[in-house]
Every structure is written in C-alpha cells, then in structure tokens.
Amino acid sequence: MGMPEEAAVARIGEELALLPADLSEEPGSVALVGAGPGDPGLLTLHAARALESADVILHDALVPDGILGLARREARLLSVGKRAGRASVDQDLTNRLMETFARRGLRVVRLKGGDPFVFGRGGEEAAWLRERGIAVRVIPGITAAMGVAAELGLPLTHRGAARSLRLVTASCRTRAETEAMDWRSMADPGTTLAIYMGRDRIACVAEALAAAGLSPATPAVAVENGTQPGSRHRFAELRRLASTVRELDASAPVLVVIGDAVALAPGWRGRDGLLEPAVPAARERLCAAGAC
Ligand code: SAH
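Below, the structure is looked at part by part. (Residues numbered from 1 in each chain as written. Predicted model: local features only at pLDDT ≥ 70, side-chain atom pairs only at ≥ 80, totals over all residues. Heavy atoms only, no water.)

### Observations regarding the overall build of the protein chain
Rules: A run of H or I in DSSP counts as a helix once it spans at least four residues, and a run of E counts as a strand once it spans at least two, with each numbered from the N terminus. Here the term buried applies to any residue with accessible area under 20% of the maximum for its type, exposed to any over 50%, and partly exposed to those in between, with areas from a 1.4 Å probe on protein chains only. What sets the accessible areas is the Shrake-Rupley method with a 1.4 Å probe; for residues, cover comes only from the shown protein chains.
A count of helical and extended segments in the protein chain gives 11 helices and 10 strands. Counting the 292 residues in the protein chain, one finds 48% classified as buried. Here the protein chain displays about 14,500 Å² of accessible surface, and carbon together with sulfur accounts for 53% of that area.

In structure tokens, the structure reads:
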C-alpha cells in the first residue's frame, strides 16, 4: 500500500527542514551499501568508510546499533524499508528521500541488510536513481547465506556433495505463486538451497520439494538472527523441517538451508543416531551417475 501523496510530501519536507542550511552546490550521490547479516565485523572496508563519511543514512529497520554506530555524530539516520508484518516507509518515499537528499549535495548511504542485490530491492533503487541522473555506487555485503554458513561451519559447495548453490525466496504466498515455481529444478540434494524469507511458509516449501522428489531424509537447518548475539539454529531432516521451524518459534529473520552440504556442518553429526549419513549417500548417487 502506497503512502498518500500529501503524507509523503510532508515527510520529505520535515526531513529537509532538519538538514543543515549551508549545503554544497555540488551534486550529491547515493551509495547502496550492504550491511551484512548483522555482525559489524562482517562489514567491508568500503562499507565502513561510506558509513563514516555519510551525511544521511537511510537504513533498514533491522540493522544493529553496532553498525549504525559507525556514522558521524552529525549524520542523520532514518529507518526505512519494510519488515514483515510491521508498518514501514513506503518504497516510493524511500526513493524520493534518496533523490532529494542527493540533489541537495549530500552524501547519502542507503544501508541494507546482507547484500543490496540479494532480495534487497537494490536493483530497483539503483535503476530509479540512475533514471533521474543521480550517481549510484553499490557496495556489496555478506549475504545471509554466507554469514550463516560460516557461523555453522557449513560449506555451501563441497566436492562430491554440493555442486551448486541457489539463493531462493520462499515462493508460497499464493497457490498461483506456488504452482508457478519450478520445484523439480530445486529438488536436488547436490544443490544447496538457501531459502530467504521462509519462516512462515516453510511447511509449504518443504512439502513442495518433497512432492518434487527431494528425499525426506535431506539434511536442513533453520537459523534465526545468524551472526548476531541472539543467534539460534536447529537441524532437521526435510521431513521434520516444518515442525522444527515451528518449535524454533523465531521472531527475528530466519534463513533455511537445505541440501547434503548441511550434513557437513559439525553440529549435524551425532545430533540423532537415527539419521542417515547424508554425505555418503550423496557420494553413492554421484558414483552411480559415473562421476567418480
Ligand atoms: N539482502 C539480504 C536479504 C534480505 S531478505 C541478504 O543479502 O542477506 C530478508 C531475509 O534474509 C530474511 O527473511 C532472512 O531469510 C534472511 N536474513 C537476513 N539476515 C539474516 C540473519 N542475520 N539470520 C538469518 N537470516 C537472515
């Protein structure tokens, strides 16, 4: 739902009134900056420098204080962007705030969780600004899948067990969306699936993958708040993934990783004596296909 036009204009006016009066005549610029998954140590040097020199930072709601704390004391920090189930600043208003600040000669940072170009609308924002002649720089960030994998010691690709990695969003919002998805191409234990925004739709995702032929014994893990102090995770086979995510009862963002590679994480072994050892199973499959 878009914000009413007058409300958007009023908000931009309020923000402008708070800016210093002696602004430069030089055109400003916008940097789309990846904040990584939460641990400030995972910022790039480019990101840290952009934050340290920004005049205005438009940040996602979930960026932790340890990262926002890098901003100069004079910098203006505005929380924008959406968060599931909560009121948020409209995308159009975010775009217009970036444009307005940049036209005033300010150094604008649009700070996003993870990487700006992975489920972050970075492409849309960059295109919108470029169409209006505003210089845009993109500074990548560590995407959630990589932060979470490092935290768990889970190699996302691994010789003999995982040949590819897919970053996907949990396409199960409507029946039409679920049916439009090519689940067969994802139902491969040798492809590590990193499922973003899936906390509330994981039952549908797991069911669709199993129906498309993915073994119910495929290893999986759900991670809440990866790389942050409150990080929690649970391992499960695909058949128990949905109930495991329910038990996790997460309130923060959750990333789900599915595939044989998950069994390589040290936490998987010994969790449950009944589990099928997934990596030997993957080897057998590859050998049967003549790949070893
Ligand atoms: N641009 C971001 C993704 C934004 S979509 C990136 O590259 O990581 C938001 C989704 O990302 C969440 O629903 C969750 O699935 C995932 N996510 C982001 N940060 C996370 C974290 N610290 N731990 C677990 N999942 C996370």
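### With respect to the side chain of Asp 90
Short version of the rule: Positive charges come from Lys and Arg, negative ones from Asp and Glu, while His and the chain ends are left out of the count. Take a side-chain nitrogen of Lys or Arg and a carboxyl oxygen of Asp or Glu: if they are within 4 Å of each other, that pair is a salt bridge. Within 3.5 Å is the distance limit for a polar contact, defined as a pair of N or O atoms, with the added protein rule that one can donate a hydrogen and the other accept it, and that residues adjacent in sequence qualify only through two side-chain atoms.
Secondary-structure assignment places Asp 90 in the loop between β3 (76-80) and α4 (91-103). The side chain of Asp 90 sits in the buried core without any salt bridge; Arg 96 is the nearest counter-charge, 6.5 Å away. One polar contact links the side chain of Asp 90 to the main-chain amide nitrogen of Asp 92, over a distance of 3.0 Å.

### Observations concerning the site of the ligand
Basically, it comes down to this: Note on terminology: near, applied to a residue and a molecule or strand, indicates that one of the residue's heavy atoms is within 4 Å of it.
Not every one of the 17 residues close to the ligand is listed here, only the nearest: Asp 115, Val 118, Thr 143, Gly 226 and Val 254. Between the ligand and Asp 115 there is a distance of 2.9 Å, counted from an oxygen atom to a backbone nitrogen or oxygen. The contact in question runs from a nitrogen atom of the ligand to an N or O atom on the backbone of Leu 255, over 3.4 Å. Summarising the interface, the protein chains cover 86% of the accessible area of the ligand, which totals 540 Å² for the free molecule.

### Describing the packing of aromatic side chains
Our working definition: Paired rings are identified among Phe, Tyr and Trp, the last through its six-membered ring, by centres lying within 6.5 Å, and are further divided according to the angle between planes into stacked (under 30 degrees), edge-to-face (over 60) and tilted (the rest).
A full pass over the atoms with the stated rule returns 2 aromatic pairs. On the numbers, 5.9 Å between centres and 75° between planes, the contact of Phe 235 with Trp 268 is edge-to-face. You can see Phe 235 sitting in strand β9 (residues 232-237) and its partner Trp 268 sitting in the loop between β10 (254-258) and α11 (278-288), a full 33 residues away along the chain. Taken as a pair, Phe 235 and Trp 268 share a single burial class, namely buried.

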